[in-house]
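# Remarks on the overall topology
Here is what each chain is made of, one letter per residue.
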Amino acid sequence: MISRRTILKRLSTMPLLGGLVGSTAPLQSALASSAVAPRNLVKELGIRTFINAAGTYTAMTGSLMQEEVLETIQAASKEFMMLDDVQTKVGEKIAALVHAESAVVTAGCFSAMTLGLAGVLTGLDAKKAAQLPHLEGSGMKSEVIIQKGHNVGYSQALTNTGCTIVFVETPEEVEKAINEKTALMWFLHIQSDKGKIMHQDWVNLAKKHNIPTMIDIAADVPPVENLWRFHDMGFDLVCVSGGKAMRGPQSAGLLMGKKHLIDAARLSMPPRGSTIGRGMKVNKEEILGMYVAVEKFIKQDHQKEWQMWEDRTAHIAEAVKKVNGVTTETFRPELGNHTPTLRIRWEPAKVNLTVKALQENLRNGDPSIEIVGEQGGISLTTWMLKPGQEKIVASRLKEELAKAAV
Ligand SMILES: *Cc1c(COP(=O)(O)O)cnc(C)c1O
């Protein structure tokens with residue numbers, strides 16, 4: 001029996017066969033289609049895909065990886081390597097790119113925070129790493145100081161180590177809160193305007209008492225400078241997501257900072273077992289992919305990128321404004337998700353549509369579109385769109401709003 005591969009090979013070397021011998025044409029096309037069509041899991045499993053005009057949301061799978069990241073993952077998957085060797089070499093390269101002493105690829109920003117604090121607690125003592133999160137009687141410190149306004153849920157990453165959180169508001173309260181159990185002073189950049197103490201003052205207060213500092217900048221690149229700004233400012237550890245604007249793997253992130261702390265954090269990371277970080281494994285493909293993502297991100301033309309986002313935003317704004325009663329406003333958030341953001345509002349007397357209905361209609365349309373529902377309107381961003389999708393978003397939005405015109 002001739003294998004299908006052999007038939008295909010023969011057919012491909014005889015391009016005119018189908019045309020010359022009519023009877024083999026159906027066979028040729030059947031074989032060609034079954035061989036060419038890759039398995040479509042999205043279709044097979046009935047998973048909804050959509051145009052992402054919302055942003056880099058974890059629930060929406062973050063961002064689409066850069067092409068070079070995917071190529072790196074493919075290539076890396078074909079060889080064995082020692083996990084620690086990959087981390088060390090990639091870490092050195094990333095550290096040099098971001099003005100840090102050291103860096104390690106973690107399973108996202110959240111795990112970077114847990115592991116970074118673990119390193120602060122254990123130092124280079126592997127026995128202590130095995131004890132986490134049981135701090136009592138261990139001799140390890142057990143408190144993290146956070147500003148009240150920075151408490152938005154991500155601090156769970158810190159309490160996962162066994163530490164408790166001490167909330168403060170003023171510099172005086174910080175001074176009072178510091179004691180022999182204080183392990184870390186943590187800062188959440190995206191909430192900086194909700195706290196009374198700003199970055200440099202936070203670092204200075206900590207330095208005065210010899211307390212390590214950590215900052216969460218998960219969703220705060222761009223601007224690209226944020227990758228080094230906080231090391232330069234004096235933060236000991238900086239944590240960022242890999243799968244948001246940098247378009248690395250969604251389950252990757254970076255812990256960057258002081259070498260002795262990164263070395264200590266790695267005691268709680270795979271391949272070492274019996275640690276709180278054992279389940280936060282990052283494979284070689286993602287470690288290398290993350291490296292390529294950071295490198296590409298730093299080198300890219302950020303001004304050009306920004307201009308593209310603005311052009312797309314303007315295109316959508318122009319379209320929806322044509323509907324009577326619809327107004328738009330474009331703004332750039334100062335903190336987090338720093339990208340042109342379009343807010344769309346409409347007068348209920350002129351457009352009879354609830355936010356929820358608009359959101360549902362876009363979601364259930366073809367193609368499905370995700371935007372952000374807000375109080376009294378919607379907002380959207382264009383940085384996660386593929387080229388040309390802004391035209392679809394514009395026409396669908398306009399269509400739904402016009403349909404509801406009174
Ligand atoms: C997304 C986010 C995180 C979590 O980051 P992951 O990379 O998903 O682990 C933490 N903090 C803030 C402010 C975030 O926006």
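Being a predicted model, the structure only gives us computed values, none of them experimental. (Residues numbered from 1 in each chain as written. Predicted model: local features only at pLDDT ≥ 70, side-chain atom pairs only at ≥ 80, totals over all residues. Heavy atoms only, no water.)

### Details of the overall build of the chain
- Helix and strand content of the chain: 17 helices and 13 strands.
- Taking the principal axes of its C-alpha atoms as reference, the chain extends roughly 85 × 70 × 35 Å.
- Evaluated residue by residue, the chain yields a buried proportion of 49% over its 406 residues.
- One way to put it: in the chain the 47 positive side-chain charges average out to a point 6 Å from where the 43 negative ones average out. (Helix = DSSP H or I, 4+ residues; strand = E, 2+ residues; numbered from the N terminus. Buried < 20%, exposed > 50% of the residue type's maximum accessible area, 1.4 Å probe, protein only. Lys, Arg positive; Asp, Glu negative; His and termini not counted. Charge placed at Lys NZ, Arg CZ, Asp CG, Glu CD.)

### Describing the pattern of salt bridges
- In the structure shown here, the tally under the stated rule is 26 salt bridges.
- Note that Glu285 is salt-bridged to Lys284, the shortest N-O span being 3.4 Å.
- Judged by its relative accessible area of 13%, Glu285 is buried.
- For Lys284, a relative accessible area of 17% translates into the label buried.
- The partner of Glu370 in a salt bridge is Arg363, with the nearest N and O atoms 2.7 Å apart.
- The exposure class of Glu370 is buried, given its relative accessible area of 3%.
- You can call Arg363 partly exposed: its relative accessible area is 23%.
- Through salt bridges with shared partners, a single network forms among Arg48, Glu360, Arg363 and Glu370. (Salt bridge = Lys/Arg side-chain N within 4 Å of Asp/Glu carboxyl O.)

### Examining the UniProt feature "domain: Aminotransferase class V" (unreviewed entry) in the chain
- UniProt marks residues 88-266 with the feature "domain: Aminotransferase class V" (unreviewed entry), using the numbering shown here.
- Along residues 88-266 the backbone is 37% helical and 20% strand, and the end-to-end C-alpha distance reaches 10 Å. (UniProt positions renumbered as here; feature names shortened; annotations may be inferred.)

### Some remarks on the domain arrangement of the chain
- Per the domain assignment, the segments of the chain are domain 1 (51-57 + 302-403) and domain 2 (80-299).
- Distance between the C-alpha centres of domain 1 and domain 2: 34 Å.
- On the domain 2 side, the residues contacting the 8 residues of domain 1 number 13 residues.
- A buried area of about 910 Å², summed over both sides, lies between domain 1 and domain 2, and 66% of it is on carbon and sulfur atoms.
- Across the domain 1-domain 2 interface, the total number found is 0 salt bridges.
- Put simply, domain 1 and domain 2 have 3 residue pairs in polar contact (both at pLDDT 80 or more) between them.
- Partitioned by chemical class, the residues of the side of domain 1 that touches domain 2 number 3 nonpolar, 5 polar and no charged. (Domains from an automatic or database assignment. Contact = heavy atoms within 4.5 Å. Buried area = accessible area lost by both parts, 1.4 Å probe. Polar contact = N/O pair within 3.5 Å; in protein donor to acceptor, adjacent residues only side chain to side chain. Nonpolar A, V, L, I, M, F, W, Y, C, P; charged D, E, K, R; others polar.)

### Overview of the packing of helix α15 (residues 302-321) against helix α17 (residues 389-403)
- It is the contact of α15 with α17, at a shortest axis distance of 8 Å, that shows an interaxial angle of 20°. Relative to α17, the element α15 is oriented roughly parallel. Between α15 and α17 lies a crossing whose hand is right-handed. Contacts from Arg312, His315, Ile316, Ala319 and Val320 of α15 reach α17 at Glu390, Lys391, Val393, Ala394, Leu397, Lys398 and Leu401. (Axes fitted to C-alpha atoms, helices over the stretch in contact; angles between N-to-C directions. Parallel < 35°, antiparallel > 145°, perpendicular 65-115°, else oblique. Left-handed = near helix turned anticlockwise from the far one by under 90°.)

### Overview of the sheet that holds strand β9 (residues 326-331)
- Strand order in the open sheet formed by 4 strands is β9-β10-β13-β12, and the pairing between neighbours is antiparallel. The open sheet has two edge strands, β9 and β12 (372-374), and neither has a second partner. Between one strand axis and the next, the sheet turns through 25° on average, direction left out of account.
- Bridge count for strand β10 (residues 341-346) against strand β13 (residues 377-381) is 4 bridges, and the pairing is antiparallel. Paired with Leu342 across the bridge in β13 is Leu380.
- On the sheet, α15 packs against β9, β10 and β13 and is oriented at approximately 165° with respect to β9.
- Against the sheet, helix α16 (residues 355-364) makes contact with β10, β12 and β13, and its axis sits at roughly 170° relative to β12, the strand it touches most. (Pairing = 2+ DSSP bridges.)

### Observations regarding the packing of aromatic side chains
- Per the stated rule, a full pass over the model turns up 5 aromatic pairs.
- With centroids separated by 5.5 Å and ring planes inclined at 85°, the aromatic side chains of Trp309 and Trp383 adopt a geometry described as edge-to-face. Note that Trp309 is positioned in helix α15 and Trp383 in the loop between β13 and α17, a separation of 74 residues in sequence. Of the two residues, Trp309 and Trp383, neither departs from the other in class, the shared state being buried.
- Put simply, the rings of Phe187, Trp202, Phe230 and Phe235 pair up and form one aromatic cluster.
- Between Lys284 and the ring centre of Phe80, over which it is positioned, the NZ or CZ distance is 5.8 Å. (Phe/Tyr/Trp six-rings, centres within 6.5 Å; stacked < 30°, edge-to-face > 60°. Lys NZ or Arg CZ within 6 Å of the ring centre and 35° of its normal.)

### Some details on the site of the ligand
- For the ligand, the full set of nearby residues is Gly108, Cys109, Phe110, Tyr154, Leu188, Ile190, Asp216, Ala218, Ala219, Ser241 and Lys244.
- Measuring from an oxygen atom of the ligand, one finds a backbone N or O atom of Phe110 at 2.9 Å.
- Here the ligand has 380 Å² of accessible area as a free molecule, and 87% of this is covered by the chains.
- In terms of residue class, the shell around the ligand is made up of 7 nonpolar, 2 polar and 2 charged. (Near = heavy atom within 4 Å. Areas by Shrake-Rupley, 256 points an atom, 1.4 Å probe, with all protein chains shown as cover.)

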